[in-house]
Amino acid sequence: MSEQPIYNTETPYPYMDKPYGIDKEVFLKMVDLFIQINRFWKLKIKELQLSAGEIPQKSLREIVSENSMGYRLWTFMNNRITFDLSYLADYQNASAVIEELIANNKGNENEAYEFLFTDTTANISPPATRLSRARQKVSNEFVSLALILGGFEAYGAKNYIGYFGGSNIKGKTPYRSIPSTDDDNNKTQG
Amino acid sequence: MDSDTKNNQNEKMEVDTLIIGSGVVGAAIAQKILDEFPKASILMLEAGPKVKMKDFTLFHNYLITREVPYKFCEDLIYPEQDKPGENNSIGSTLIPLHGSRLMIYGGSTVHWGGWSFRMKPEDFKLNSNLNNGQISATVLTSKTILSGSNVSTSTEVETGIGSINVIDWPYDYDTLRPYYSEAEEYIGVSGDSDDNMLGCNEKYPFRTFPYTLEDSLAIDAMNKLNISYGHMPIARRGLSGSESRHAPCQTTGTCKYCPFGARYVAANYLDDIKEYGNYPNFEILTDVVVENISMSSRGQAEGVTYVNKDLGGSKQVNAKRIIVAAGAIESAKLLQRSTSNYWIKGIGNDNDLVGRHFITHPYIRFGADLPSNPKRLQTEMDFPTLVSRHYDSKLEQAKGKYILVNPAGNVNVDLAKAMKEGKSPEQVQKMLEGKTKIEIHALVEIFSQHRNRVTNADDKNHFGLPETIVDFSKGPNIDQRIDEMQREVNKIFTAMGAKDPRKPIVSWRADHAACTTRMSVSAVTGVVDKNLKVFEVDNLYVCSNGSFSSLGAVNPTLTLTAIALKLGDHLIGKIYAAQDVAESHEA
Ligand SMILES: Cc1cc2nc3c(=O)[nH]c(=O)nc-3n(C[C@H](O)[C@H](O)[C@H](O)COP(=O)(O)OP(=O)(O)OC[C@H]3O[C@@H](n4cnc5c(N)ncnc54)[C@H](O)[C@@H]3O)c2cc1C
Ligand code: SF4
């Protein structure tokens with residue numbers, strides 16, 4: 001009976017077929033960035049075990065499929081690109097900016113990343129320089145992702161907005177709760 | 001039984017049941033009828049588009065930007081100097097519409113919070129309780145109207161700059177009680193089954209969420225002050241023994257765009273009906289705006305005219321029964337603009353009540369400073385787990401009952417922001433443990449006033465619906481009431497060790513717009529009867545928060561779902577009765 005496609009679903013992004021063409025070098029640089037975020041803010045993200053020694057021999061597919069954190073990072077990057085194709089360029093730009101910063105810091109990677117994370121001008125919005133795009137479109141987003149993927153635990157909490165905390169199971173409440181109320185020992189309205 | 005839905009270019013479309021609006025009301029009624037009559041011919045017309053739910057690309061974007069993909073389905077802001085905007089608020093109290101509802105497949109549940117309270121027994125007797133001498137202002141008039149066997153009373157009370165005009169519900173809490181249970185089951189509420197709002201045989205479908213550590217400050221303070229509190233009943237699915245296509249909540253905390261569909265959203269339930277149900281005669285059209293309802297006589301609605309925004313041109317569809325489920329504002333406006341020789345001022349509007357008595361809840365945010373945060377309290381959940389209904393009591397009814405909520409994220413620390421600003425880990429730790437802001441939120445009951453109303457404007461909004469004129473002026477007692485509330489909340493802040501309470505931020509946004517087509521026992525005081533049928537029209541029903549006789553202090557949607565399911569039962573009875581008549585004619 002319908003005179004139009006009934007489920008005329010609107011999305012604010014066009015559908016694209018994968019793969020999008022993130023190349024291995026760029027992806028590995030993004031893995032480095034993620035590891036550096038973990039180091040700088042002492043986040044202790046579990047499962048961040050990409051070993052630099054093995055990586056050069058492996059294909060991107062192998063790297064992503066063998067490491068869960070790598071897979072999540074890759075999925076996140078793909079989703080950002082799906083939403084807005086300019087992220088493909090942003091990841092390339094961030095990769096190049098990081099290399100330049102390392103060169104400027106005479107090969108001292110930690111210092112290069114610290115500059116990227118803390119330089120105040122790079123955080124002026126909207127981003128107008130290559131450095132500020134690398135900071136705001138990539139590094140800052142990875143900071144959010146790092147917290148979401150468990151980094152928040154370093155700051156004392158058990159759950160975080162965006163983290164898949166888990167279901168509300170008796171005795172296994174997935175967030176910091178008041179112990180007496182965890183056991184269905186519930187106080188009710190008077 | 002129900003005839004097949006028919007539609008082609010030259011033929012008038014005809015259905016048995018026509019539902020205008022695809023929010024929780026439309027979805028619940030459709031589901032209820034289809035459960036009983038899988039072949040029922042039902043057409044649902046929705047002005048808004050369909051936006052993708054449970055999509056991980058959109059989820060990731062929401063995580064990073066906090067931008068929801070359905071923002072464009074909100075009303076625009078009111079016109080400003082450089083922005084054309086839409087709608088108009090002409091009363092002395094500005095009622096923002098922007099953000100207060102969605103025009104979308106699934107309606108406003110796409111962005112709702114899921115707080116799912118039952119109203120209290122005294123809420124169903126507002127007028128009687130005020131008449132029992134509970135209100136301090138002078139009673140101007142107390143009209144008693146006799147209509148058939150029903151007696152209806154409405155009270156007008158002098159309040160200084162106008163009068164309030166309140167009525168009782170045409171039934172009591174116990175009438176709605178079984179539908180509350182059914183509604184909790186339908187929208188999947190996690191709640192405390194020991195809550196004394198539930199009868200001894202009633203249980204919430206899912207286990208309550210324990211209080212968060214963030215609640216500890218409020219709990220200690222309320223214990224000290226003997227203020228009662230309890231668990232927030234919340235529409236988040238939990239784990240259950242029975243199979244369900246709807247996932248349990250994973251406490252992800254991105255509830256405005258849930259990646260799993262664990263929070264009730266009518267869009268997901270409608271998808272289910274379409275994808276998994278075997279309902280050959282159930283159809284939904286999106287992007288179609290119903291312009292008016294036509295009548296074949298004064299007592300019989302014939303059908304509606306709608307405009308297809310994509311294809312243009314208007315079309316008529318006739319129906320045996322019409323359910324207006326277009327939200328409190330649009331439902332009233334649709335009746336108003338459906339004028340004919342039978343109803344010169346619009347359907348059901350002979351007494352000029354359609355759109356009147358408009359109220360909403362002001363949402364009040366009280367704030368103060370916590371000198372330190374040694375437990376490093378921070379946001380771990382996106383919905384509140386603690387609510388106090390201490391002041392939502394009969395004792396407070398005449399002054400305006402209210403609830404207090406310990407909101408999720410009441411302790412204001414933003415880890416990600418601090419890190420993005422380049423703060424070192426040590427600085428972030430210090431920030432977490434240091435001075436911080438703290439909040440308590442409140443909703444307070446507002447009483448209807450005849451002068452407050454919504455009407456149609458001449459211009460169309462960006463979805464092709466007529467723009468809205470809101471004419472609302474708050475009653476004089478409300479500021480005084482908020483001052484009283486502030487004094488109570490300040491005691492809680494003091495007991496928490498918080499300092500420097502700020503002036504509250506009060507939002508009058510129309511999230512809980514209500515009472516515009518209110519339910520009553522007589523057309524002199526309301527627009528629809530106890531079955532939500534427009535007075536004097538046999539086959540036209542209005543189901544929205546607009547049909548509430550009064551609003552109480554709590555969020556309305558559980559009660560709304562309960563009255564929708566009750567209407568579903570009524571309609572099922574009607575369909576059976578029609579079958580009997582048809583069969584007896586055949587015999
Ligand atoms: C931010 C926010 C948070 C909220 N949180 C809560 C909460 O925690 N708890 C609670 O109880 N309530 C909450 N509410 C209120 C809740 O969202 C509403 O009570 C409920 O969704 C109303 O449902 P409805 O089906 O009546 O109307 P809606 O969901 O608004 O659906 C009406 C539909 O009808 C369509 N329509 C209108 N006119 C026409 C027309 N002429 N032709 C075709 N289609 C039309 C609209 O496009 C819309 O999609 C919240 C509201 C807001 C804004
Ligand atoms: S907390 Fe629950 S309802 Fe909210 S987004 Fe996560 S799973 Fe969905």
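The structure displayed is predicted, hence computed values, not measured ones.

## A look at the interface of chain A and chain B
Contact residues are listed per partner, giving 66 residues for chain A and 88 residues for chain B. Where chain A abuts chain B, roughly 6500 Å² becomes buried across the two surfaces, and 55% of that area is made up of carbon and sulfur atoms. Summed over the shared surface of chain A and chain B, the number is two salt bridges. Among the ionic pairs, Lys42(A) bridges to Glu426(B), the shortest N-O distance being 2.7 Å. In this structure, the connection of chain A to chain B is made through 26 residue pairs in polar contact (both at pLDDT 80 or more). Of all the secondary structure elements, the ones that give two or more residues to the side of chain A that touches chain B are strand 1 (9-10), helix 3 (68-83), helix 5 (109-118), helix 6 (130-148) and helix 7 (179-182) of chain A. With seven residues, helix 6 of chain A is the single largest residue contributor to the side of chain A that touches chain B.

## A few points about the pairing of strand 21 (residues 466-471) of chain B
Residue and element names in this part refer to chain B. Bridge analysis of strand 5 (residues 88-89) against strand 21 gives two bridges, and the strand direction is parallel. What sits directly across from Asn88, in strand 21, is Ile469. In this antiparallel pair of consecutive strands, strand 20 (residues 453-460) and strand 21, the connection spans five residues, and Gly464 shows a positive phi of 90°.

## Focus on the site of ligand 1
Residues and elements named next belong to chain B. Around ligand 1, the structure places 40 residues, and the nearest of them are Glu46, Ser108, Gly113, Trp115 and Thr557. Taking Glu46, its side chain carries an N or O atom lying 2.6 Å from an oxygen atom of ligand 1. Bound to the protein, ligand 1 loses 95% of the 1000 Å² it would expose on its own. Broken down by secondary-structure element, the contributors of at least two residues to the shell around ligand 1 are helix 1 (24-36), strand 13 (288-297), helix 7 (327-337) and helix 11 (557-586). Looking at side-chain class alone, the shell around ligand 1 contains 18 nonpolar, 16 polar and six charged residues.

## So, the packing of helix 1 (residues 24-40) of chain A against helix 4 (residues 86-104) of chain A
All names here are of chain A. With their axes 9 Å apart at the nearest point, helix 1 and helix 4 run at an angle of 65° to one another. The element helix 1 and its partner helix 4 pack so that their crossing is left-handed. Each of Val26, Lys29, Met30 and Leu33 in helix 1 lies in contact with helix 4, whose residues at this interface are Tyr91, Gln92, Ala94, Ser95, Ile98 and Glu99.

## Description of the sheet that holds strand 17 (residues 386-388) of chain B
All names here are of chain B. Taken in spatial order, the six strands line up as 11-17-18-19-16-22 in an open sheet, and their pairing is antiparallel. The sheet is open, and its two borders are formed by strand 11 (230-231) and strand 22 (505-507), each paired with just one other strand. Relative to strand 22, strand 16 (residues 363-370) is paired through three bridges, and the arrangement is antiparallel. Bridge pairing in strand 22 places Arg365 opposite Ile505. Taken strand by strand, helix 5 (residues 216-225) contacts strand 16, strand 17, strand 18 (402-406) and strand 19 (436-444), and its axis lies near 30° from that of strand 17. Contacting strand 16, strand 18, strand 19 and strand 22, helix 10 (residues 477-496) runs over the sheet at an angle of about 140° to strand 19.

## Section: unusual backbone geometry
Note on backbone geometry: most residues besides glycine have negative phi, and most peptide bonds are trans. In the segment running from Ser125(A) into Pro126(A), the intervening peptide bond is cis, with an omega of -5°. Along the chain, the position of Pro126(A) falls in the loop between helix 5 and helix 6. For Asn87(B), which is not glycine, the phi dihedral falls at a positive 70°. Of the residues examined, Asn87(B) reaches a relative accessible area of 3% and is grouped as buried.

## Thoughts on the site of ligand 2
Every one of the 13 residues lining ligand 2 counts as a neighbour, but Cys249(B), Thr252(B), Gly253(B), Cys255(B) and Cys258(B) are closest to it. For the shell around ligand 2, the residue count by class is six nonpolar, five polar and two charged.

## Let's talk about the environment of Met119(B)
Residue and element names in this part refer to chain B. Of note, Met119 is situated in the loop between strand 5 and helix 3 (126-134). Sequence separation between Met119 and Leu176 is 57 residues, and the spatial gap between their C-alpha atoms is 9.9 Å. For Met119, the contacting residues outside a window of four places in its chain are Phe124, Trp169, Tyr173, Tyr180, Met197, Arg389, Phe548, Ser550, Leu551, Val554 and Thr559.

## Side note on the domain arrangement of chain A
Many analyses report the size of an interface as the accessible area lost when the parts associate. Residues and elements named next belong to chain A. Here the domain parsing of chain A yields domain 1 (13-155) and domain 2 (158-190). Opposite the six residues of domain 1 that make contact, domain 2 presents six residues. Taking both partners together, domain 1 and domain 2 bury about 470 Å²; carbon and sulfur atoms supply 73% of that area. Ranking the residues of domain 1 by area buried against domain 2 places Leu147, Ile148 and Phe152 at the top, with a combined share of 84%. Across the contact surface, domain 1 and domain 2 share zero salt bridges. For the interface between domain 1 and domain 2, the tally reads zero residue pairs in polar contact (both at pLDDT 80 or more). Broken down by class, the residue content of the side of domain 1 that touches domain 2 amounts to four nonpolar, one polar and one charged.

## A word on the environment of Glu467(B)
All names here are of chain B. Position of Glu467 relative to the elements: it lies in strand 21. The class for Glu467 is buried, based on a relative accessible area of 11%. A sequence separation of 392 residues divides Glu467 from Asp75, and the C-alpha atoms of the two residues are 9.2 Å apart. Other than its neighbours up to four places away in sequence, Glu467 contacts Gly85, Glu86, Asn87, Lys333, Thr455, Asn456, Ala457, Asp459, Lys460 and Asn461.

## A short note on the domain arrangement of chain B
All names here are of chain B. Split by domain assignment, chain B resolves into domain 1 (3-124 + 264-361 + 447-471 + 513-586) and domain 2 (206-232 + 363-444 + 473-507). The C-alpha-based centres of domain 1 and domain 2 are spaced at 34 Å. At the junction of the two partners, domain 1 supplies 19 residues and domain 2 supplies 21 residues. Around 1800 Å² of area is buried between domain 1 and domain 2 when both sides are counted, 53% of it from carbon and sulfur atoms. On the domain 1 side of the contact with domain 2, Trp115, Glu122 and Ala553 bury the most area, a combined 33% of that side's loss. If you look at where domain 1 meets domain 2, you find two salt bridges. Asp123 is the partner of Lys401 in a salt bridge, and the nearest nitrogen-oxygen pair spans 2.7 Å. Scanning the region where domain 1 abuts domain 2 turns up 11 residue pairs in polar contact (both at pLDDT 80 or more). In terms of residue class, the side of domain 1 that touches domain 2 is built from six nonpolar, seven polar and six charged.

## Re the state of the cysteines
Residues and elements named next belong to chain B. Per the stated rule, a full pass over the model turns up zero disulfides over all chains. Its sulfur unpaired, Cys515 is 13 Å from the next cysteine sulfur, which belongs to Cys543. Overall, the relative accessible area of 1% leaves Cys515 in the buried class.

## With respect to the packing of aromatic side chains
All names here are of chain B. In the structure shown here, the tally under the stated rule is 30 aromatic pairs over all chains. Measuring from ring centre to ring centre gives 6.4 Å for Trp115 and Tyr363, while their planes differ by 50°; the resulting arrangement is tilted. One end of the pair, Trp115, is in the loop between strand 5 and helix 3; the other, Tyr363, is in strand 16, with 248 residues separating them in the sequence. Classification of Trp115 as buried rests on a relative accessible area of 12%. Measuring from ring centre to ring centre gives 4.7 Å for Tyr391 and Tyr402, while their planes differ by 5°; the resulting arrangement is stacked. One end of the pair, Tyr391, is in the loop between strand 17 and strand 18; the other, Tyr402, is in strand 18, and 11 residues separate them in sequence.

The rules behind these values
- Residues numbered from 1 in each chain as written.
- Chains lettered and ligands numbered in written order.
- Predicted model: local features only at pLDDT ≥ 70, side-chain atom pairs only at ≥ 80, totals over all residues.
- Heavy atoms only, no water.
- Contact = heavy atoms within 4.5 Å.
- Buried area = accessible area lost by both parts, 1.4 Å probe.
- Salt bridge = Lys/Arg side-chain N within 4 Å of Asp/Glu carboxyl O.
- Polar contact = N/O pair within 3.5 Å; in protein donor to acceptor, adjacent residues only side chain to side chain.
- Helix = DSSP H or I, 4+ residues; strand = E, 2+ residues; numbered from the N terminus.
- Pairing = 2+ DSSP bridges.
- Near = heavy atom within 4 Å.
- Areas by Shrake-Rupley, 256 points an atom, 1.4 Å probe, with all protein chains shown as cover.
- Nonpolar A, V, L, I, M, F, W, Y, C, P; charged D, E, K, R; others polar.
- Axes fitted to C-alpha atoms, helices over the stretch in contact; angles between N-to-C directions.
- Left-handed = near helix turned anticlockwise from the far one by under 90°.
- Buried < 20%, exposed > 50% of the residue type's maximum accessible area, 1.4 Å probe, protein only.
- Domains from an automatic or database assignment.
- Disulfide = S-S within 2.5 Å.
- Phe/Tyr/Trp six-rings, centres within 6.5 Å; stacked < 30°, edge-to-face > 60°.

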